[in-house]
Amino acid sequence: MTPEKTHGFATRAIHDGQEPDPLTGAVTVPIYPTSTYVQQAIGENKGYEYSRVTNPTRTRLEQNLASLEGGVAARVFASGMAAIHAVVCMLKAGDHVVCGNDLYGGTPRLFNQVMTDFGLEFSYIDTAETENVERAIRKNTRMVYVETPTNPMMRLSDLAAIGAICRRKKLALVVDNTFMSPYFQQPLALGADLVVHSTTKFLNGHSDGLGGVVVCARQEHADKLAFLQKSSGGILSPFECWLVLRGVKTLAARMEIHDRSGRIVADYLWKHDKVKAVFYPGLAEHPQHALAKRQMSGFGSMISFDTGSLKNANKMLKKVRVCSLGESLGGVETLISHPATMTHGGIGEKARRAIGIGDGLVRLSVGIEDVDDIVEDLDQALKAI
Ligand SMILES: Cc1ncc(COP(=O)(O)O)c(C=O)c1O
C-alpha cells in the first residue's frame, strides 16, 4: 500500500519516498552509488543521466522531505550551508535580503563575507518584532530570511504575520526550521515560500552525516534549485541521503522524547539558583510563550542558559559527563556548547553582545538518553560554579 498525503506525520516519515524497492521488494531504499546511467539510445533513458543532476536515492529523500514539510518539492545539498547558499544564489546582484539578527553564525558569515562580494545586500533586524520587517523593506528587497526559534537566544518570529507582509510585498519568505523540524513547526503552512534545514541535525538525528535541504512551496523555486544543483554541484551523496532516510523514519518518536526531556531540563535549570536566565519557549516565563504555543506543536529540546561568566561556563563544561561538549545539535546524544566561542565565535564580540550572547551563555541540545541522567549530570557539573 502506498501511503497518501493524508496519512499522519509518522506514517509519512516512514513511507513517503520510502516505498519498497520495485525490483527486489527491499523495505529500505537502495543506495545507488553510481555516477552515470546506461542510456537506451540518444535521448532515451530511464529518467536518470548523471548523478550530479539526479540520483534515485536522492530523489527518494527529496520526496520524503517535501512530504514532511508539505512542499511541492525538496532539493538536498551537501550541508545546511550549501542549501542556504543555493537559496541566495536564486537572487541577483543588487538584490537585498532582510534577515533576522540572531541567526546561526555561519549564515551571516556566508552572507557578509562571501555573497556581498557578488553584489547582494543584507540587513539584520530583530524579526521578533514584526513591524521591524516592514520597516526594513527597500525597493530592491527580494527576500526575508528568518530562523525561529533563533540560535541560540530562542527568540521567535511570527511566521503568519511576516508571511502576510511578504505576500503583500511579493517577497519570498525563507525559514530555517532546523531547531523545530517539520514535526513541531510547518512554516509553509504558515505562509513561508521556502524552508531550509541543516539535515545534519534532527532530520538525520544520529550525528553521522552533514546535509541540507530546501523545501519549496512553489514549483518555480524547485526548478531553479534543481538547476543550481546541476550547475554548482553541491549535492548530497547517495550514502548520506540514505542516512537521512534512515534517521527520518524515527523523527516523530525522537522528537516526542526530545520535547518531553527538553521541558524537564528547562524546568530544572529555571529553578537552579546558580543559573541566571533560561531561554526556552516552553517555559511560561518565555516572553513569546503564547506565540510558541500557537505556531509550534511542541517546544523541542534546544535550551540556552546563562551561567553568569566565561569562568563559570568553563568550570561547568569541564565537568559534564553524559552531556558531550561539542558543536551541533539534534542528535540522540545530549550536546552542550558555548556559543560565544563556538557557533558564534565568528560574528565578532559587538554583534554577539548586541543579540544577548554573553560569555556565560551555554546552549544545550537535549538528547534522548534517560532524562534523569541528563539532569543529574547537569546538577553535578553546576556544583563546580
Ligand atoms: C540553525 C542552523 N542552520 C544551518 C546550519 C548549517 O548547517 P550545516 O552545519 O549542516 O552546514 C546550522 C548548523 O549548526 C544551524 O544550526
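Residues numbered from 1 in each chain as written. Predicted model: local features only at pLDDT ≥ 70, side-chain atom pairs only at ≥ 80, totals over all residues. Heavy atoms only, no water.

(A) Just the overall build of the protein, in detail. When you go through the protein residue by residue, the secondary structure sums to 14 helices and 12 strands. Relative to its length of 385 residues, the protein is compact, with a C-alpha radius of gyration of 21 Å against a globular reference of 21 Å. Taking the principal axes of the C-alpha coordinates as reference, the protein spans close to 70 × 50 × 35 Å. Excluding contacts between residues fewer than 6 apart, the proportion of contacts in the protein whose partners are at least 24 apart in sequence is 71%. On the protein, roughly 16,200 Å² of surface is accessible, and the fraction owed to carbon and sulfur atoms is 54%. (Helix = DSSP H or I, 4+ residues; strand = E, 2+ residues; numbered from the N terminus. Rg over C-alpha atoms; globule rule 2.2 N^0.38 Å. Contact = heavy atoms within 4.5 Å. Areas by Shrake-Rupley, 256 points an atom, 1.4 Å probe, with all protein chains shown as cover.)

(B) Focus on the sheet that holds strand β8 (residues 277-279). Here we have 5 strands laid out as an open sheet, ordered β8-β9-β12-β11-β10, and mixed in their pairing. On the outer flanks of this sheet lie β8 and β10 (324-325), each paired with one strand and no other. (Pairing = 2+ DSSP bridges.)

(C) Inspection of the site of the ligand at higher detail. Near the ligand you find 14 residues, and of these G80, D176, S198, T200 and K201 are the closest. G80 has a polar backbone atom sitting 2.9 Å from an oxygen atom of the ligand. Residue D176 places a side-chain N or O atom 2.6 Å away from a nitrogen atom belonging to the ligand. Expressed as a share of its isolated accessible area of 390 Å², the protein-covered part of the ligand is 91%. If one sorts the elements of the shell around the ligand by residue count, helix α3 (residues 80-88) sits on top with 3 residues. Grouping the amino acids of the shell around the ligand by side-chain chemistry returns 4 nonpolar, 7 polar and 3 charged. (Near = heavy atom within 4 Å. Polar contact = N/O pair within 3.5 Å; in protein donor to acceptor, adjacent residues only side chain to side chain. Nonpolar A, V, L, I, M, F, W, Y, C, P; charged D, E, K, R; others polar.)

(D) Structural view of the pairing of strand β12 (residues 361-365). Counting buried positions along β12 yields 5 of 5 residues, so the element is predominantly enclosed. Neither face of β12 is left uncovered, since the one carrying L361, R363 and S365 and the one carrying V362 and L364 both have all their residues buried. With 5 bridges connecting them, strand β9 (residues 302-306) and β12 associate as antiparallel partners. The partner of M302 across the bridge, within β12, is S365. As defined by bridge partners, strand β11 (residues 335-337) adjoins β12 across 3 bridges and the pair is classed as antiparallel. When the sheet's bridge partners are listed, S337 is paired in β12 with R363. (Buried < 20%, exposed > 50% of the residue type's maximum accessible area, 1.4 Å probe, protein only.)

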